[in-house]
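Secondary and tertiary structure notes
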Amino acid sequence: CVALVSANNPAWIEVFWACAVAGLICVPLNAWWKSEELAFALDDSGARVLIADQRRYEVVAGVLGDLPELAHTFVIGTESFAELEQGQDPGVLPDVSIDEDDISGIFYTSGTTGRPKGATITHRQVIANLQNVLCLGVAQAMTGQTPPELAEGERPRAAALLVVPLFHTTGCHATMVLNYAAGAKLVLMPPGRFDPEVAMRLIEQERITAIGGVPTIMWRIVEHPRLGDYDLSSVTRISYGGAPAAPELVARIAETFPKARTGLATAYGLTESASVATAISGDDYLAHPGSVGRPVPTVEIRIVDVAGNDVPPGVAGEIWLRGPTISCHGYWRRPDANAESFSPGGWFHTGDIGKLDEEGYLYIVDRAKDIIIRGGENISTVEVENVLFEHPDVVDAAAVGVPHKELGEEVKAVVQRRPGSSLTPEELQAFCRSRLADFKVPAYVEIRDEPLPRNPAGKVLKAALRGEATAFVTAEDAAL
């Protein structure tokens, strides 16, 4: 395994493809993680090689000595990495045999037990996802729903702006791999916090034709006060997923990007499905703005009750998926998680709650798993709660998701403090920030002196804790 932790840059892409052709397992790690989170994934994956940019190397350097399986470390931009790039014979591809069901990557996703799980991604999954997305594009063109300038015979070079991290399946498999296969230009945002004005400037300068990621990105663009100062007319395709999008956002995008009206799309998928499981675009999306579409060509979908029986259209149940975009290996070194999430016949239990209408369109209703989705990032409430409990003045704690217009959800912590303690929300946020990636730190904190509400079985009544977020202390918005 080759672990890779870096901001989006050309070297990240180079390492990904080098691993693919050499038959190595690439393990992209979350570039926002702190040292403890990175150390866990490096140990769990059994990585023999670590490639990191300078900033992430400094974050993880102190724990590398505790990883006996890690044999080599390379820092992007150094002489040793330059030598690694050259290889022994750069003009010849490695002579290795690669099977479609060999693992190409391990992408870590938040788990309900508080520790991330490594979702294995095979070569078959990557290819199947690519074929699905390309097939959808051809189908859309055949319906006549092509952008105006293409219908008139003009063919500007396709250019995509990558605004989401490559360590996510959306950035890697749904964007980077797709654009390489299509021969499109891929433009990377500068590293760091997402700046909508920088994005608009790049769209104008590079004549970007496609942009996407998560709904948060689009909210920040369409509501920017300088939106009218930039020429965004080159954009003909906008797609996003990773979190629910409000129908209001669909209308705002159609108004702001008129040429992208027929190229507007959203999708539903997971790391475990190597990106896209269902999709909807064009007139279908405008007619069903609350839906995430129908299954892509090679994916089957079921909506089941707690006993695993199919439910009729209009009735909510857990979403199960099956097809070549689902890994035959499941989670890395997690037989317990595989037994819970996969059933005979190859069905993957997503943990999401949805319903199908009479036409087969999927609507996401809720999540069965205790996960918060902030700006497209999955956050395990258990992981946050474990950190809260580490504070000596916390007697009881719970983490819940509260609505946020741009981010979808933010983390709220409700804690019972030790009698006599003067613990403040700001102190607890600082404690969490030293142990968790910034996007996981509770944005809202409620301190209580009385016990948290629980049912007779002892389970915290989280629905009663969500309330209105505006009554609580807000932490500085974490970088996307």
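Refer to the preceding data block for the structure.
Residues numbered from 1 in each chain as written. Predicted model: local features only at pLDDT ≥ 70, side-chain atom pairs only at ≥ 80, totals over all residues. Heavy atoms only, no water.

This part takes up the packing of aromatic side chains. Evaluation of the coordinates by the stated rule reveals 9 aromatic pairs. Seen from their ring centres, Trp-32 and Phe-167 are 5.6 Å apart, and the 90° between their planes marks the pair as edge-to-face. Placement of the pair is Trp-32 in the loop between strand 2 (26-28) and helix 2 (35-45) and Phe-167 in the loop between strand 7 (159-162) and helix 7 (169-182), with a sequence separation of 135 residues. Trp-32 sits in the partly exposed class, given a relative accessible area of 23%. On the numbers, 6.5 Å between centres and 65° between planes, the contact of Trp-33 with Tyr-108 is edge-to-face. Taken together, the positions of Trp-33 in the loop between strand 2 and helix 2 and Tyr-108 in strand 5 (residues 103-109) put the pair 75 residues apart, joining distant regions of the chain. Of the two residues examined, Trp-33 and Tyr-108, each falls in the buried class. Each residue in the set Trp-12, Phe-16, Trp-17 and Tyr-180 is aromatic and connected to the rest through ring pairs, giving one cluster. Sitting over the face of the ring of Tyr-331, Lys-117 holds its NZ or CZ atom 4.3 Å from the ring centroid. (Phe/Tyr/Trp six-rings, centres within 6.5 Å; stacked < 30°, edge-to-face > 60°. Helix = DSSP H or I, 4+ residues; strand = E, 2+ residues; numbered from the N terminus. Buried < 20%, exposed > 50% of the residue type's maximum accessible area, 1.4 Å probe, protein only. Lys NZ or Arg CZ within 6 Å of the ring centre and 35° of its normal.)

What follows deals with the packing of helix 1 (residues 10-22) against helix 7. For the pair helix 1 and helix 7, the least separation of the axes is 13 Å and the interaxial angle reads 85°. In terms of orientation, helix 1 lies roughly perpendicular with respect to helix 7. Along the contact surface, helix 1 presents Trp-12, Ile-13, Phe-16 and Trp-17, while helix 7 presents Cys-172, His-173, Met-176, Val-177 and Tyr-180. (Axes fitted to C-alpha atoms, helices over the stretch in contact; angles between N-to-C directions. Parallel < 35°, antiparallel > 145°, perpendicular 65-115°, else oblique. Contact = heavy atoms within 4.5 Å.)

Let us look at the pattern of salt bridges. Where charged atoms from two side chains of opposite charge come close, those side chains can pair. Scanning the model with the defined rule gives 22 salt bridges in all. A salt bridge links Arg-374 to Glu-410, with the nearest nitrogen and oxygen atoms 3.7 Å apart. Placement of Arg-374 in strand 19 (residues 371-374) and of Glu-410 in strand 22 (residues 408-417) is noted, with a sequence separation of 36 residues between them. Summarising the burial analysis for this pair, Arg-374 and Glu-410 share the class buried. Look at the salt bridges and you will find they share partners, linking Glu-37, Glu-383 and Lys-440 into a network. (Salt bridge = Lys/Arg side-chain N within 4 Å of Asp/Glu carboxyl O.)

Counting buried positions along helix 9 (residues 215-222) gives 8 out of 8 residues, so the element sits mostly inside the fold. Restricting attention to buried positions, one finds in helix 9 the residues Pro-215, Thr-216, Ile-217, Met-218, Trp-219, Arg-220, Ile-221 and Val-222. Packed against the buried residues of helix 9 are helix 8 (196-206), strand 9 (210-213), strand 10 (237-240) and helix 10 (247-256).

Another point: the sheet that holds strand 7. One open sheet holds the 7 strands; their spatial order is 8-7-9-10-11-12-13, and the pairing between them is mixed. The strands lining the two open edges of the sheet, one partner per strand, are strand 8 (185-188) and strand 13 (294-295). Where strand 7 and strand 9 come together, 2 bridges link them in parallel fashion. Residue pairing for strand 9: Ala-160 is matched across the bridge by Ala-210. (Pairing = 2+ DSSP bridges.)

At Ser-275, a residue that is not glycine, the phi angle is positive and equals roughly 110°. You can see Ser-275 is positioned in strand 12 (residues 275-281). The phi dihedral of Arg-333 is positive, around 55°, even though this residue is not glycine. Its location among the elements puts Arg-333 in the loop between strand 15 (317-322) and helix 12 (335-341). Residue class for Arg-333 comes out partly exposed when judged on its relative accessible area of 48%.

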